[in-house]
Amino acid sequence: MVGEMIPVRVDPAAADRDFWKRYHELRRVRQKELRPDDPVQPDDEVEARMKKGNPFEFQHYYEISHEGVMLSSFYGETVTPKNAEYETNKHLFWADVYVRPDARRNGVGARWVPVIAKLMEESGSSVLGVSTEVESGHGFLKWLGAEQKLTEIESRLKISDVDWPMLDRWVAEGVRRSPQTRLEIYDGELPDEMLADFAPQLTSLLNTMPFESLDIGDIIVTPERMKDWYERQALVGEVQHQVLARESDGVISGMTDTTWAPYRRTLIYQQFTGVRPDARGRGLGKWIKAAMLLHMRELYPDAEWIVTENAHSNGPMLNINRTMGFQPYRTAVEYQITREKLGARLSV
């Protein structure tokens, strides 16, 4: 079988039903191993997103199959010149690889190394980034020579265990300590006329996130990328919610957002939360997170869990989350390796 494990490029927009059958079967194997407690996203939603393409990212899909069974899938991406992040991120190539458990230790993972090296050479990328949360992945990446760069902790909060009176106190404290600040809540897409002002402020806050030793360029959000993201959300019925803290001069001093989708009605994903450095120390982070959770309780009474991720080094946000009742659920590590070192592994 080893000699027949040939990586094959896939174009989602032109893929036939046999491919999708193989792909979705492997996707369910992966879900059962890595996300057994979570609902599986419907096939048609996954296909719609993969077929759409992305003007801001070069996307690469491959498979390794044998006798009608997909043994491994591969996805890689890097920025396109249309992406505002191009100049500081074009050296980065991000990849995701999955090998089904019963096909491991047969050299399947190693088959992706020359594929990745070739794609990186073609795109001019010099650094590969891959994340894993399972022992087999850690073992493979260490064998490859990749280095650990960022540790991320996924935490979950059971909504039935939330201390609602505490959150009410956080909101009251936020109002008392920042009487000049007002909160704004948006459900769904932000108004078009707001994007030109919002995007650069979101950009500024995103670039305050800790990335430990991860090689990463500037994060730049533009109105065009936001509209593209909204289109992707609409394909699967995903809804975004924003809570903004705005100062009297109009500046956004803090923000937090969540997403909800019909196929995972019991799960709310807490995404980015950020407070401007010059506005810290007066409880804005606690205020906006409490206001968001109180709002989510009203909108989604059948939701059971809030899910969030933080860098292991993000002590202040982890402390807020732990106080709210979030408990560690799983840990992922981002590895990186240079194209030069990847090439050395090829020659071994």
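What is the right way to read the side chain of Thr80 from this model?
In this fold, Thr80 is placed in the loop between β3 (69–79) and α3 (86–89). Looking at Thr80, the relative accessible area reads 5%, which means it is buried. When sequence neighbours within four positions are dropped, the list of residues in contact with Thr80 reads Pro55, Phe56, Glu57, Phe58 and Tyr86.

Would you mind going over the pattern of salt bridges with me for this structure?
Side chains that differ in sign of charge can pair as their charged atoms come close. Scanning all chains against the criterion turns up 31 salt bridges. For Arg156, the salt bridge is made with Asp38, and the minimal N-O distance between the two is 2.8 Å. In this pair, Arg156 sits in strand β6 (residues 147–158) while Asp38 sits in the loop between α1 (17–34) and α2 (43–52), placing the two residues 118 residues apart along the sequence. With respect to burial, Arg156 and Asp38 carry one shared label: buried. Across the salt bridge formed by Glu154 and Arg156, the nearest N and O atoms sit 2.8 Å from each other. The residues Glu154 and Arg156 share a single accessibility class, namely buried. Through salt bridges with shared partners, a single network forms among Arg35, Asp38, Glu133, Glu154, Arg156 and Arg330.

Whenever I open this one, the sheet that holds strand β7 (residues 182–187) confuses me. Can you help?
Spatially, the 12 strands line up as an open sheet ordered β1-β2-β3-β4-β5-β12-β6-β11-β10-β9-β8-β7, and their pairing is mixed. Two strands bound the open sheet, and with one partner strand each, they are β1 (8–10) and β7. Neighbouring strand axes in the sheet, compared pairwise and without regard to direction, differ in orientation by 25° on average. Pairing between β7 and strand β8 (residues 239–246): six bridges, direction antiparallel.

The rules behind these values
Residues numbered from 1 in each chain as written. Predicted model: local features only at pLDDT ≥ 70, side-chain atom pairs only at ≥ 80, totals over all residues. Heavy atoms only, no water. Helix = DSSP H or I, 4+ residues; strand = E, 2+ residues; numbered from the N terminus. Buried < 20%, exposed > 50% of the residue type's maximum accessible area, 1.4 Å probe, protein only. Contact = heavy atoms within 4.5 Å. Salt bridge = Lys/Arg side-chain N within 4 Å of Asp/Glu carboxyl O. Pairing = 2+ DSSP bridges. Axes fitted to C-alpha atoms, helices over the stretch in contact; angles between N-to-C directions.

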